[in-house]
Amino acid sequence: MALTTQGRTRLARSGVIGGLVLGAIFAAGPILWMLSSSFKSNTEIFELPPRLITDSFSFDAYTAILTNSETLRFFFNSYLVAGAVTILTLLVAIHAAYAFSRFEFRGKRVLNVVIVSVQAVPPITLLIPYFGLVVGLGLYNTYPGLILTYMVFTLPYAIIMMTGYMNTLPKELDEAVRVDGAGSLTALWRVLIPISVPGIVSVGIYTFMIAWNEYLFALTLTRTTEMRTVPIGIQLLMGQHSYEWNQIMAMSILGSIPVLILFLLLQRYFISGLTAGSVKS
Amino acid sequence: MSLRTFTAPDPETLVKGSRPSTKRRQLRRAGESYGFLAPTLLLLLVLMIVPIVMVIGYSFQDNVILKSSSEFTGIANYVTVLTDPGFWKATGNTLYFSVISVAAHLVLGLTFAMLLNSRLISAPSRAFFRALYVLPWLFTAAVIAVLWRMLLSPNGIVNFMLDTDVEWLASPQLALGTVTFINIWAGYPFFMVSLLAGLQGIPQDLHEAASIDGAGPVQRFWNVTIPQLRPIIVSLLLLDLIWTSQQFALIWLTTGGGPIDVTEMLSTYTYKLAFANYDFSLAATAAVLVLLLSMVLAVLYVRHQKARD
Amino acid sequence: MPTHRRMRNRAVLFTGLVTAAASVVALTGCGSSSGSESADGNVTIEFAQWWEPELPDGEFRAMIDKFEEANPEVTVELVSGPYASTKEQLFAGAASGTMPDVVGLDGAWVSDFAEQGVIADLTPLLDEAGFDDSQLVSQVQVEDKTYMVPVVNFVYPMFTNDDLLSQAGVTAPPETRTEFADAAKKVSDLDGDASGWVLPLSLEAPNGVQNDVMSWAWASGGSMLKDGQPDLTNDDVTSAVDFIGGLWDDGVIAPGSFTMKEQDKVEEFTNGRVGMMIDSLAHINLIRETNPDLNFSISAVPAEDGYSGERGIPYASWGIGVAENSEHKEAAAKLVSFLMSEETNSELSTMANAFPGNTGSVPAFVEDDDLFKKAFDIYQAGYPANEFVGLPVAEELMRQLGAQLQAALDGQQSLTEALEKAQTEWEGEF
């Protein structure tokens, strides 16, 4: 009994939906528990049998975070730093990736090896010499100190990924513009960048996440409460003797919402089929 | 300027170029390349290469950092680290942890990206699932560790739902598998989002052409999708391998390298040398060894890049 | 080709701009500096600690404000961070010569910082500040010099869940090891999932080895050292570890030991899932707040059967020290004297639910809270015992012993072998 085309499509669709639902339980299940814990009291988080919604359901943990001016400052700092890092890293990395993807030049392979392998040194061992360097440059406890640090950590990633994306795009596209008499920069900005938007967005989001979530250097390179970031704020809730479990969860949720919104806003770049269309011509 | 105009010239002349002064052009282009790379190189030189060189320097001395009496000791530190069974145990664990994590990241990331890219379901549901699937990405390692410690504790929700009382993290037999699982969960969105972006770059006509040639969905996947994504996949594998082998916070905050030494990684091993033993020379030595290992990876990657051209 | 040249120029210009922007960004950071002296002789000192976030909002700052009122020429900048990362922060600061003037210390770090020469000998400093150090409960010394003064102490008595014990037919908290093993067994045998005892052996925060393992040896007057050298294979330690091994084999210890931390231990107890635990007094209020229905009491850690001597009671301290490279040691010493003074110290120990570091101080809670009063009696009847304080790489010692014990409890080696191996490892560190 052969399936009709319609039947096959329906079967495929149920397969896709089934797969998506299973995957969603794996992906979002733990986060659901986190969300539920953020509304509980600290005892209920550990009670047995566990319940998703408990008697003392409340927004207390959120109120505690949102009414604390110190914590709000952490959020501000994190946005500022992660935002600046994302923009600057993308700007710098796109140009570097362009060079790697489209040009042949002496030293290219060596530079590539260097850029790939510098990120392999465990950051924890760099901490001490790095700290000395940042103090020496007068960047200790400043935004530029954090921003430049995160750029150094995100650049290799961004360059490697952007080079990868640009390599998937046909060389003929930008070569054509250059041969037309325009310069390399025009080719990059007018041709490559517009069709690399999905790649740029995904690299940008990840760069943002790296900067947003970094803890060790944020703590070491800042001193005053006014300079500290969200991951430090979360860690401050994990005290020497006890944890503020529900506030830890609430603060993490609060931190993730804006990024999630950003992702939702930008995801049209993943689905528009914009590049596919333009490459096709 | 519209995109359409770029298609005009004949591809043959484009690739070969028709100008006589090739040499001068190459020189100019080398200069241009370095112009594009200048900001990157400046930043990396000052803020990355300098500290790395300092770390390499420490690895050849003893009593570094705080004591003023540091002495050049040649390769003594390397001998110490390389003859420490703890180092090899950590290397083995790190390999297991990284290879399994990266393989699972690729499989899950690609599967989810394909599912999310499927045109069989409506755009709004795809958007909804996309949002759910990136969730593990949005949290800092310390929180992921705390969350999974709660979920997996002997009295936690996972044991409750499975009706078991397994010590997922505290059992020497299971701990390494468990931390690997947590890392898989925390890391696949990186592959998923990057591949999702990569899928958008695959020209639709390639699929159409393959369909006309009678290729089914499976053949199209292997013959069109995978080859088209290869440059991205290679970059992802390389980055993820390097990052996973450095994963520190997740392991330290869930198991601390224990029970006994079953989840000891190179990262926790190095951390303990630096901040529990205060032996910064040995920590630097371990770091340099990790750097050397990944330079091998980097060379392979660059070779691959070149072979591709 | 004018277009080409223009483009090239533009490329160079752009690159230049980015580079310049980066440099400007870099330069704007200059000018920030730490602890300094202004023209009129006023000084600013930094005080790095993890205490401020642990105390009720604003209370510690208010206390420091009082110090500034009394010493108008000194300004104190509080540098507060999470406890778990304080050690790394101090180490990084010490390495680059920017360690804050006054630092909060844990007894486990003192020896290492002292040996590296980054914290100062306090005796002459306190002398100059006119502080009489005979009022100090204790001083932590390395090679006969005082490097840390415990500001407040958190003692670790035994907590018992009275409801669970009475359900199990145990009428009074156990006083000897035999009684304890018996009570633990009875609680574990109850219907439900309660265990008799809880033993956190996490290797990330290995202080369970100090508070929950070694405390058994100290409670019976035992020691893990001999003439300042490791002596893990002596009878005191062996019998304590064997006792724990017996509890483990009886299955009365709550599951998850090998990755459990102090915070998890408290959650288990607070939720009524363990009958007994050895824990910090600092948790009394936390347990009361999170589970007001829990009936619990406090007693001394049980001793070996027939032991009648004084019982050592483990403690953890918030200690204080002064950076060797501080340019304002005089002001720093003033701050230390202030915190150690009878009145301030009473106040601080009240805030922290801890016992004072000044012999004359009496925290308010001792008078109006029965549990704390009981604890204070236990404290005064015994002696504070924490042999890890002041040892080199103390945390690593705990971790090494912890890992060996885990291997033994997991059945990979005997407890005797575990102690012998840990002894060898320790000897390598001293």
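Residues numbered from 1 in each chain as written. Chains lettered and ligands numbered in written order. Predicted model: local features only at pLDDT ≥ 70, side-chain atom pairs only at ≥ 80, totals over all residues.

Participant: Just to check I follow, could you spell out the overall build of chain B for this structure?
Facilitator: Along the backbone of chain B there are 13 helices and two strands. Excluding contacts between residues fewer than 6 apart, the proportion of contacts in chain B whose partners are at least 24 apart in sequence is 67%. (Helix = DSSP H or I, 4+ residues; strand = E, 2+ residues; numbered from the N terminus. Contact = placed C-beta atoms within 7 Å.)

Participant: For this particular structure, what's the right way to read the overall build of chain A?
Facilitator: Scanning chain A from terminus to terminus reveals 14 helices and zero strands. Along the chain direction, N to C, the helices and strands of chain A fall in the order α-α-α-α-α-α-α-α-α-α-α-α-α-α. For a compact globule of 281 residues, the expected C-alpha radius of gyration is about 19 Å, and chain A comes in at 24 Å, more than 25% above that figure. By principal-axis analysis of the C-alpha atoms, chain A measures approximately 75 × 70 × 30 Å. Within the span of chain A, comprising 281 residues, buried residues form 58% of the whole. (Rg over C-alpha atoms; globule rule 2.2 N^0.38 Å. Buried ≥ 20, exposed ≤ 12 C-beta atoms within 10 Å, placed from the backbone.)

Participant: Sorry if this is basic, but what is going on with the pairing of strand β10 (residues 274-278) of chain C here?
Facilitator: All names here are of chain C. Of all the five residues making up β10, five are buried; the element is thus mostly covered by neighbouring parts of the structure. Across three bridges, strand β6 (residues 158-161) lies against β10 in antiparallel orientation. Looking at β10, one finds that Met-158 is bridged to Ile-278. In this sheet, β10 lies alongside strand β7 (residues 195-197) in parallel orientation, the contact comprising two bridges. By the bridge assignment, Ser-195 is partnered in β10 with Val-274. (Pairing = 2+ DSSP bridges.)

Participant: Would you mind showing me how to read the interface of chain C and chain A here?
Facilitator: Size of an interface, as often reported, equals the accessible area lost when the parts are brought together. The interface of chain C with chain A comprises 44 residues on the first partner and 40 residues on the second. Looking at the side of chain C that touches chain A, the elements with two or more residues in it are α1 (2-28), α2 (51-54), β2 (74-80), α4 (83-95), α11 (262-270) and α12 (284-290) of chain C. With eleven residues, the top contributor of residues to the side of chain C that touches chain A is α1(C). Of the residues contributing to the side of chain C that touches chain A, the split by class is 19 nonpolar, 19 polar and six charged. (Nonpolar A, V, L, I, M, F, W, Y, C, P; charged D, E, K, R; others polar.)

Participant: Would you take a moment to explain the domain arrangement of chain B for this structure?
Facilitator: Residue and element names in this part refer to chain B. In terms of domain boundaries, chain B breaks down into domain 1 (20-72) and domain 2 (81-308). Placing a centre on the C-alpha atoms of domain 1 and another on those of domain 2 gives a separation of 29 Å. The biggest single contributor to the side of domain 1 that touches domain 2 is helix α2 (residues 22-58), with three residues. For the side of domain 1 that touches domain 2, the class distribution of residues is five nonpolar, two polar and one charged. (Domains from an automatic or database assignment.)

Participant: Help me understand the interface of chain B and chain A in this model?
Facilitator: Every contact between the two is made by 94 residues of chain B and, on the other side, 95 residues of chain A. Per-element tally for the side of chain B that touches chain A: the top contributor is α2(B), with 17 residues. Of the residues contributing to the side of chain B that touches chain A, the split by class is 70 nonpolar, 18 polar and six charged.

Participant: What's the story with the sheet that holds β7(C) in this structure? I'm lost.
Facilitator: Two orientations exist for strands paired in a sheet by backbone hydrogen bonds: parallel and antiparallel. Residue and element names in this part refer to chain C. Spatial ordering of the open sheet is given by β7-β10-β6-β11, a layout of four strands whose pairing is mixed. The sheet terminates laterally at β7 and β11 (296-299), the two strands that pair on one side only. The mean angle between the axes of side-by-side strands here comes to 20°, regardless of whether they run parallel or antiparallel. In the packing of α11 onto the sheet, contacts are made with β6 and β10, and the angle to β10 comes to roughly 145°. (Axes fitted to C-alpha atoms, helices over the stretch in contact; angles between N-to-C directions.)

Participant: Where do I start with helix α14 (residues 342-352) of chain C in this structure?
Facilitator: Looking only at α14(C), the buried set comprises C:Asn345, C:Glu347, C:Leu348, C:Ser349, C:Met351 and C:Ala352. On its buried side, α14(C) packs onto α3 (59-70), β5 (145-155), α13 (329-340) and β14 (355-356) of chain C.

Participant: Please clarify how the environment of A:Ser256 should be interpreted in this entry.
Facilitator: Relative to the helices and strands, A:Ser256 is located in helix α12 (residues 245-266). Taking the C-alpha atoms as reference, A:Ser256 lies 9.6 Å from A:Met209; in sequence the two are 47 residues apart.

Participant: What is the right way to read the environment of A:Val114 from this model?
Facilitator: With respect to the element layout, A:Val114 can be found in helix α4 (residues 108-117). The spatial distance from the C-alpha of A:Val114 to the C-alpha of A:Pro156 is 9.3 Å, given a sequence separation of 42 residues.

Participant: What exactly am I supposed to notice about the confidence of the model for chain B here?
Facilitator: Detail in the predicted coordinates should be disregarded across regions flagged by low pLDDT. All names here are of chain B. Per-residue pLDDT for chain B has a mean of 85; in total, 89% of the residues score no lower than 70. Mean pLDDT in chain B bottoms out at helix α1 (residues 11-16), which sits at 36, and peaks at helix α4 (residues 85-117), which reaches 94. Long-range and interchain partners of residues 1-20, a stretch whose pLDDT sits below 50, account for 20 contacts in this model, where long-range means more than four residues apart. Predicted complex, confidence summary: ipTM 0.85, pTM 0.87. (pLDDT = per-residue confidence, 0-100.)

Participant: So what exactly am I meant to see when it comes to the pairing of β11(C) here?
Facilitator: Side-chain positions along a regular strand alternate between the two faces of the sheet. Residues and elements named next belong to chain C. Side chains Phe-296 and Ile-298 of β11 all project onto a buried face; the interleaved residues Ser-297 and Ser-299 project onto a face where none is buried. Here β6 runs beside β11; their pairing, made up of four bridges, is antiparallel. Within β11, the residue paired with Phe-159 across the bridge is Ile-298.

Participant: How do you make sense of unusual backbone geometry when you look at a structure like this?
Facilitator: Keep in mind that most residues, glycine aside, have a negative phi and that most peptide bonds are trans. The linkage connecting B:Gly258 with the following residue, B:Pro259, adopts the cis geometry, with an omega of -10°. Within the secondary structure, B:Pro259 sits in the loop between α11 (249-254) and α12 (266-275). A positive phi angle, close to 50°, is found at C:Asp227, a residue other than glycine. In this structure, C:Asp227 sits in the loop between β8 (225-226) and β9 (229-230).

Participant: Would you mind going over the environment of C:Pro206 with me for this structure?
Facilitator: Residue and element names in this part refer to chain C. As for its position among the elements, Pro-206 is in the loop between β7 and α9 (208-219). Expressed as a C-alpha distance, the spacing of Pro-206 and Gly-357, which sit 151 residues apart in the sequence, is 25 Å. The residues touching Pro-206, leaving out its near neighbours within four places in the chain, are Glu-395, Met-398, Arg-399 and Gly-402.

Participant: It is not clear to me how the packing of α4(B) against helix α8 (residues 175-200) of chain B should be interpreted in this structure. Could you clarify?
Facilitator: The relative placement of two packed helices comes down to the angle between their axes together with the axis-to-axis distance. All names here are of chain B. Between α4 and α8, the shortest axis-to-axis distance is 6 Å and the interhelical angle comes to 40°. Classed by the angle they form, the pair α4 and α8 counts as oblique. Crossing handedness for the pair α4 and α8: right-handed. Among the residues making up the contact of α4 with α8, the classes are represented as 19 nonpolar, eight polar and no charged. (Parallel < 35°, antiparallel > 145°, perpendicular 65-115°, else oblique. Left-handed = near helix turned anticlockwise from the far one by under 90°.)

Participant: Looking at this structure, how should I read the confidence of the model for chain A?
Facilitator: Residue and element names in this part refer to chain A. Summary statistics for chain A give a mean pLDDT of 86 and a share of 95% for residues scoring 70 or more. Least confident of the elements in chain A is helix α14 (residues 274-280), whose mean pLDDT is 38; most confident is helix α3 (residues 69-102), at 94. Here residues 272-281 is modelled with pLDDT under 50, and outside its nearest four sequence neighbours on either side it reaches 22 contacts, counting other chains as well.

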